[in-house]
Amino acid sequence: MTVRWVIAGVAAVLVAGQAVASPVETERMTWTEIRDAVAAGKTTIIIPTGGTEQNGPHMITGKHNFIVAETARRIAATLGDALVAPVLAYVPEGDVAQREGHMAYPGTISVPPIVFSKVLKAAAESFKAHGFKLIVFLGDSGPNQEPQHQVASDLSRAWAAEGVRVLNADSYYAGNGQVESLKAEGETDAAIGQHASIRDTSELMAVLPEGVRTDKFAADADGVSGDPRRASAERGQKLLELKVDAALRDIKSARERSSAAGPSAEDGGWFSRLLHWISG
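A short tour of the structure in this document, coming up. Note that this is a predicted model, so its numbers are computed, not measured. Along each chain, the written sequence defines residue order, and numbers are assigned to residues from 1. Side-chain atom pairs in this predicted model are given and counted only at pLDDT of 80 or more, local residue features only at pLDDT of at least 70, and totals for whole chains, interfaces and linings cover all residues. Calculated side-chain values reflect all of the structure's heavy atoms, with hydrogen atoms and water omitted.

**Description of the overall build of the chain**
Here is step 1: Helix and strand assignments come from DSSP, with helices taken as H or I runs of at least 4 residues and strands as E runs of at least 2, each series counted from the N terminus. Secondary structure assignment for the chain yields 11 helices and 6 strands.
Here is step 2: Type-normalised accessible area, obtained with a 1.4 Å probe on protein chains alone, sets the label of each residue: buried when under 20%, exposed when over 50%, and partly exposed for intermediate values. When the 280 residues of the chain are sorted by exposure, 45% land in the buried category.
Here is step 3: Whether two residues touch is decided by their heavy atoms; if any such pair falls within 4.5 Å, the residues are in contact. In the chain, once contacts between residues fewer than 6 apart in sequence are set aside, the share between residues at least 24 apart is 74%.
Here is step 4: With an accessible surface of roughly 13,800 Å², the chain has 57% of that area assigned to carbon and sulfur atoms. Accessible areas in this description were obtained via Shrake-Rupley with a 1.4 Å probe; residue shielding takes into account the shown protein chains only.

**A closer look at the nonpolar core**
Here is step 1: Of all hydrophobic cores here, the largest spans 31 residues; its most connected members are Ile46, Ile75, Val136, Leu138, Tyr172, Leu204 and Ile251.
Here is step 2: Within the residue set of this core, elements represented by two or more residues are α3 (63–79), β4 (82–84), β5 (134–139), α9 (198–207) and α10 (233–266).
Here is step 3: Buried Ala, Val, Leu, Ile, Met, Phe, Trp, Tyr and Cys residues form a nonpolar core when they are joined through side-chain atoms within 4.5 Å. Of all hydrophobic cores here, the second largest spans 25 residues; its members include Ile45, Leu83, Ile135 and Leu155.

**As for helix α2 (residues 31–39)**
Here is step 1: Among the residues making up α2, those that are buried are Ile34, Ala37 and Val38. All buried residues of α2 fall inside an arc of 100° around its axis, so they share one side.
Here is step 2: Where α2 is buried, its residues touch β4.
Here is step 3: Two residues or fewer past α2, glycine 41 is found with a positive phi of approximately 110°. This arc is taken over the directions from the axis of the helix to the C-beta atoms.

**Structural notes on the pattern of salt bridges**
Here is step 1: The working definition used for a salt bridge is a side-chain nitrogen of Lys or Arg within 4 Å of a carboxyl oxygen of Asp or Glu. The full count for this structure, using the stated rule, is 19 salt bridges.
Here is step 2: With a closest N to O distance of 3.5 Å, arginine 28 and glutamate 25 form a salt bridge.
Here is step 3: The class of glutamate 25 is buried, set by a relative accessible area of 10%.
Here is step 4: For glutamate 53, the salt bridge goes to lysine 63, with nearest N and O atoms at 3.6 Å. On the criterion of sequence distance, the pair formed by glutamate 53 in the loop between β3 (44–49) and α3 and lysine 63 in helix α3 is long-range, its members being 10 residues apart.
Here is step 5: For lysine 63, a relative accessible area of 0% gives the class buried.

**Here's the deal with the packing of aromatic side chains**
To describe a pair of aromatic rings, you give the distance between the ring centres and the angle between the ring planes.
Here is step 1: Stacked, tilted and edge-to-face pairs are distinguished by plane angle, under 30 degrees for stacked and over 60 for edge-to-face with tilted covering the rest, among Phe, Tyr and Trp rings (Trp via its six-membered ring) whose centres lie within 6.5 Å. The full count for this structure, using the stated rule, is 1 aromatic pair.
Here is step 2: Aromatic pair phenylalanine 127 and phenylalanine 132: ring centres 5.5 Å apart, planes at 85°, arrangement edge-to-face.
Here is step 3: Either the NZ atom of lysine or the CZ atom of arginine qualifies as a charge over a ring when it sits within 6 Å of the ring centre and within 35 degrees of the ring normal. Stacked on the ring of tryptophan 159, the Lys or Arg lysine 128 has its end atom at 5.2 Å from the ring centre.

**Description of the sheet that holds β5**
Here is step 1: The 4 strands lie next to each other as β4-β3-β5-β6, forming an open sheet whose pairing is parallel. Every other strand in the sheet has two partners, leaving β4 and β6 (165–168) as the edge strands with one partner each. Adjacent strand axes in the sheet meet at a mean angle of 20° when their direction is disregarded.
Here is step 2: One bridge is not enough; two strands pair if DSSP finds at least two bridges between them. Note that β5 and β6 share 4 bridges and pair parallel. Its bridge partner being in β6, valine 136 is matched across the sheet by leucine 167.
Here is step 3: Note on method: axes are straight lines fitted to C-alpha atoms, helices fitted across the in-contact stretch only, with angles between N-to-C directions ranging 0 to 180 degrees. Helix-sheet contacts for α3 involve β3, β4 and β5, and the interaxial angle to β3 is about 165°.

**Describing the pairing of β3**
Here is step 1: β3 sits mainly inside the fold: 6 of its 6 residues count as buried.
Here is step 2: Side chains of β3 alternate between two faces, with Thr44, Ile46 and Pro48 and Ile45, Ile47 and Thr49 buried alike.
Here is step 3: When β3 meets β4, the two strands line up parallel, connected through 3 bridges. Bridge pairing in β4 links isoleucine 45 to leucine 83.

**Looking at the packing of α3 against α9**
Between two packed helices, the angle of one axis relative to the other and the distance separating the axes together describe the packing.
Here is step 1: With their axes 10 Å apart at the nearest point, α3 and α9 run at an angle of 65° to one another. Judged by the twist between their axes, the crossing of α3 over α9 is left-handed. Contacts from Lys63, Phe66, Ile67 and Glu70 in α3 reach Asp200, Glu203, Leu204 and Val207 in α9.
Here is step 2: Residue composition of the contact of α3 with α9, by class: 4 nonpolar, no polar and 4 charged. Crossings are sorted by hand: turned counterclockwise from the far helix by less than a right angle, the near helix makes the crossing left-handed, and turned clockwise it makes it right-handed. Lys, Arg, Asp and Glu make up the charged group, whereas Ala, Val, Leu, Ile, Met, Phe, Trp, Tyr, Cys and Pro make up the nonpolar group; the residues left over, Gly among them, are polar.

In C-alpha cells, the structure reads:
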C-alpha cells in the first residue's frame, strides 16, 4: 500500500500505544456506530458489486469481490465522509441453463439481471431509509454496469424531491485509463486482453497475493484472454489507484452538480411542486 493510501485511510485513535483505524465498512460496525456516523455527516454510502466467476486456472473465483472491497475502502477513506456496504458477490454472469459465458466453467455463480437490479434497488432503499443522501454503485465487473446505471438513473429521478441521489460510478470500470497506461508501458492489446490477464491479475496480486497461482499462468487459454504472465503486484497498485481516482472524480462531480443545483433546482423548484400539488 502506498503512503498516499496509508495517510488517507488512517482515521486513527491510539489504543495501548497502537494506531487503530476506524472502520468504514458497515458490516464491521454496530448499528449505533452507523447511526452516529450518519448523524455526523457521513451520508455517502458505497455499494460495491463484484462477482463470482472463473478467472482462468491461475486466479480464484472471488477475484472481483476482494478487489472491489479494497477499492471501496480506499475511496471511502479518501472522501472522509463515506461508508461502505457489504460487497454483492452474486451478479449476472451468463445464462445458467445454456452455460454461456463464464457459466461454462465450474464455480461461477450467475443471477438474472432483473434479480440483480432488484437487489440493488432494495439495498439503495434500505440506505436511503437510514439517512444516506448519496448512494454510489461501484461495479468491478462488466455485466454489472448496465443494471447499475439503469437503477441509479431510475432512483435518482424518483428521489430527487427528497434530495437523495444514486450514482453509478461509470468511470471506475470503463473510463479509468488502465489500458492507456499499460500501452504507454509498451503492452499490446493482445497482451492486455479482456479477462484474467494483466489488469485484474495484477490487482489481485496487490490485494490478495495468495489468490493468484503464479505456476498456473497461461496466455489465451482455459478462460483467459490476454497474458497474465506480465502481471505484477507493483503494476496492480498503480492500476488500483487509477480505478480509485476515476471513481473519486465521478463522485466529486456528482456532489458538485448537486451543490450547484441547490435544493430548489434538485426537486424542480417551488413552481413545479405547486403544479404537482394542484394536479394531484
